[in-house]
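Listed here are the chains, written in short residue letters.
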Amino acid sequence: MPRLRGRGVTALIEAEGMAAGYAGLPALRDVDFAIRAGEIVTVVGPNGSGKSTLVKTLIGLLAPTAGKVRRAEGVTIGYVPQKLAIDQTLPMTVERFLSLPVRRAREDAAEMLRRVGVPGLERRQMTRLSGGQFQRVLLARALLGRPDLLILDEPTQGLDQPGVAEFYRLIEEVRRATGCAILLVSHDLHVVMSASDRVICLNGHVCCEGTPDHVLSAPEYRALFGEEAGGTLALYHHHHDHSHDHDHDDPAHGHGHPHAGQKEPAH
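Quantities reported herein were computed from a predicted structural model and do not represent experimental measurements. (Residues numbered from 1 in each chain as written. Predicted model: local features only at pLDDT ≥ 70, side-chain atom pairs only at ≥ 80, totals over all residues. Heavy atoms only, no water.)

Enquirer: When you look at the nonpolar core in this model, what are you seeing that I'm missing?
Expert: Side chains that are nonpolar tend, in soluble globular proteins, to be buried together. Counting residues in hydrophobic clusters, the biggest one holds 34 residues, and the most contacted among them are V94, L98, M126, V137, L139, L150 and L152. Going through the elements one at a time, α2 (94-98), α3 (106-115), α4 (131-143), β7 (149-153), α5 (161-178) and β8 (181-186) are the ones with two or more residues in this core. Considering each element in turn, this core owes the most residues, seven residues, to α4. Dropping the residues within four chain positions of it, L98 is found in contact with R104, A109, L113, V137, A140, R141 and L144. Ranked by size, the runner-up nonpolar core spans 24 residues in total, among them I13, M18, A72 and A181. (Core = buried A, V, L, I, M, F, W, Y, C linked by side-chain atoms within 4.5 Å. Buried < 20%, exposed > 50% of the residue type's maximum accessible area, 1.4 Å probe, protein only. Helix = DSSP H or I, 4+ residues; strand = E, 2+ residues; numbered from the N terminus. Contact = heavy atoms within 4.5 Å.)

Structure below.
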């Protein structure tokens, strides 16, 4: 079973020296990654930085072109995709959707909808849901599988700012209630950080990683996000007034690679 190196803690998924891409074009290189039980790990990065490629490779939808990906024996993964198109002409109730591909008891489906904050939607057509309701139904479907690891790929696209903040509060509650690990891929820099135990900054490779405090002040992070990084830092410190159960003292560390707009040092 994979172990999180240096800490003696079981890793649910671990990647070592991983590279991945499409049609011979590299999207990621030299990625070392691990997530352990109960963690909330956030991956941030600009468009085209390889965030969705990372997720697809970790869960086995995409084969790595180099390196290794190891998954703990028996680990169950719940996945909330970045986008899911529902045929507007296809009748599909929420209750039916929650039973795909595994049939769920009506009582279990109703209880999970209640837990994610959208009770009573069982008979509603999927195509009639609001953006916020749709995302919560996707979350309910993932949680019905009782995952050890919940992966959310840009789960708040299309939601307004209050909806985004509320969704992240729900994610924190899911972790408290279930104890599952959560891997969150997001552009929402201004609200995502306070929920995270660790943050990974990605731009084709791991630029820096560590606790939110350390990553937000890391030069590699600021090089990627510029002015937005400063605003995120201020908002993070304003809202981050609670502690987590997990102890992550490791400072963020840069990985010594140039970023967009930066040049390789002269040799």
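Still more to cover.
Enquirer: What's the story with the packing of aromatic side chains in this structure? I'm lost.
Expert: In this description, an aromatic ring pair is defined by two values, namely the gap between the centres and the angle between the planes. Tallied over the full model, the rule gives one aromatic pair. Seen in terms of ring centroids, F167 and Y168 are 6.4 Å apart; in terms of plane orientation they differ by 75°. Their pairing is edge-to-face. Y168 sits in the buried class, given a relative accessible area of 3%. Its end group placed over the ring of F97, R141 keeps NZ or CZ at 4.9 Å from the ring centre. (Phe/Tyr/Trp six-rings, centres within 6.5 Å; stacked < 30°, edge-to-face > 60°. Lys NZ or Arg CZ within 6 Å of the ring centre and 35° of its normal.)

Enquirer: I'm lost on the environment of G45 in this one. Help?
Expert: Secondary-structure assignment places G45 in the loop between β4 (40-44) and α1 (51-58). A C-alpha to C-alpha distance of 9.4 Å links G45 and C207, two positions 162 residues apart in sequence.

Enquirer: Looking at this model, I keep getting lost on the pairing of β8. Mind explaining?
Expert: It is a general feature of regular strands that their side chains alternate between the two faces of the sheet. Within β8, six of the six residues are buried, which leaves the element mostly enclosed by the surrounding structure. Burial along β8 is two-sided: A181, L183 and V185 and I182, L184 and S186, pointing in opposite directions, are all buried. Here β4 runs beside β8; their pairing, made up of five bridges, is parallel. Directly across from V44, in β8, lies its bridge partner S186. Judged from the five bridges that link them, β7 and β8 form a sheet pairing that is parallel. Paired with I151 across the two strands is L183, which belongs to β8. (Pairing = 2+ DSSP bridges.)

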